[in-house]
Amino acid sequence: MNAVVDRMRGLRYRAARVSALPLLVRGGIFLAVLAGFLLAYPAEALAPRALLALTVAAVLPAVGPRRIWPTFTALVTVAGWLLAALGFDRPPALWRLLAVATLLYLAHTLCALAALLPYDGLIDPDLVLRWLTRAGGVVLASAVLGIVLAWLGGVGGSGGTQAATVAGLLVAVGLSALLGWLLRRR
């Protein structure tokens, strides 16, 4: 019984020391993941039980950003996108694709930031602002590149789609190999 009481005291002590900025970052994680879920899943699949399950799943990366939960929620978001496209025949709209990709990246980068921030630290708000500014730059560049590539994909007709698919696959494999090499080099 003493162990339970000691744990409760420790939990209460840690909760009293939580500062506002790390808590806001974790709230941003929750909102980004939940918004990604709502955009990815079709409205027909969002029954009250499913919505409750998705809300609980959105809390997980906010609570444990260093664990597997960010990856889990990203996979759940992609599964929702695939369910909407394949199961409910929802045509993939470019704005929805860009919004889901933006929210996935934002949740990922906020989880990386939250993993570094101590709960009870006094954090300079400029740190979070610079972090979000860099993330916004990445999102903007990716959106512009995605729109240009989507436009170029529609220009060539259907004859070059197989070549574009193979080229995209080779670029993805090359980037994965480069990232693996850079990781081993450390």
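Undergrad: Help me out: how do you make sense of the overall build of the protein chain in this one?
TA: In terms of regular secondary structure, the protein chain is built from seven helices and zero strands. The order of helices and strands in the protein chain, counted from the N terminus, is α-α-α-α-α-α-α. By the compact-globule yardstick of 16 Å for 186 residues, the protein chain is too spread out, its C-alpha radius of gyration being 20 Å. By principal-axis analysis of the C-alpha atoms, the protein chain measures approximately 70 × 45 × 30 Å. Within the protein chain, the fraction of its 186 residues that count as buried is 26%. For the protein chain, the proportion of contacts with a sequence separation of at least 24, taken over those separated by at least 6, is 73%. In the protein chain, the 16 positive side-chain charges and the 6 negative ones have mean positions that sit 8 Å from each other.

Undergrad: Sorry if this is basic, but what is going on with the packing of aromatic side chains here?
TA: Each aromatic ring pair is described using two quantities: the centre-to-centre distance and the angle formed by the ring planes. This structure, assessed with the given rule, holds two aromatic pairs. Measuring from centroid to centroid gives 6.5 Å for Phe37 and Tyr41, while their planes differ by 80 degrees, and the two rings are edge-to-face. Here the two residues Phe37 and Tyr41 agree in accessibility, since each one is buried. With a centroid separation of 5.7 Å and an interplanar angle of 85 degrees, the aromatic rings of Trp69 and Phe72 are classed as edge-to-face. Linking Trp69 with Phe72, this pair stays in helix α4 (residues 69–87), spanning three residues, or about one helical turn. Overall, Trp69 belongs to the partly exposed group, its relative accessible area being 29%. Overall, Phe72 belongs to the partly exposed group, its relative accessible area being 36%.

Undergrad: Would you take a moment to explain the confidence of the model for the protein chain for this structure?
TA: Low pLDDT marks regions whose predicted coordinates should not be analysed in detail. Per-residue confidence for the protein chain gives a mean pLDDT of 86, with 93% of residues at or over 70. Mean pLDDT per element in the protein chain: helix α7 (residues 161–185) is the minimum at 78, and helix α3 (residues 48–63) is the maximum at 94.

Undergrad: What should I look at first to understand the pattern of salt bridges in this one?
TA: Where charged atoms from two side chains of opposite charge approach closely, those side chains can pair. Applying the stated criterion across every chain, the model contains one salt bridge. Residue Arg9 is joined to Asp6 by a salt bridge in which the shortest nitrogen-to-oxygen separation is 4.0 Å. With Arg9 and Asp6 both in helix α1 (residues 2–16) and three residues apart, this pair spans about one turn of that helix.

The rules behind each value
- Residues numbered from 1 in each chain as written.
- Predicted model: local features only at pLDDT ≥ 70, side-chain atom pairs only at ≥ 80, totals over all residues.
- Heavy atoms only, no water.
- Helix = DSSP H or I, 4+ residues; strand = E, 2+ residues; numbered from the N terminus.
- Rg over C-alpha atoms; globule rule 2.2 N^0.38 Å.
- Buried < 20%, exposed > 50% of the residue type's maximum accessible area, 1.4 Å probe, protein only.
- Contact = heavy atoms within 4.5 Å.
- Lys, Arg positive; Asp, Glu negative; His and termini not counted.
- Charge placed at Lys NZ, Arg CZ, Asp CG, Glu CD.
- Phe/Tyr/Trp six-rings, centres within 6.5 Å; stacked < 30°, edge-to-face > 60°.
- pLDDT = per-residue confidence, 0-100.
- Salt bridge = Lys/Arg side-chain N within 4 Å of Asp/Glu carboxyl O.

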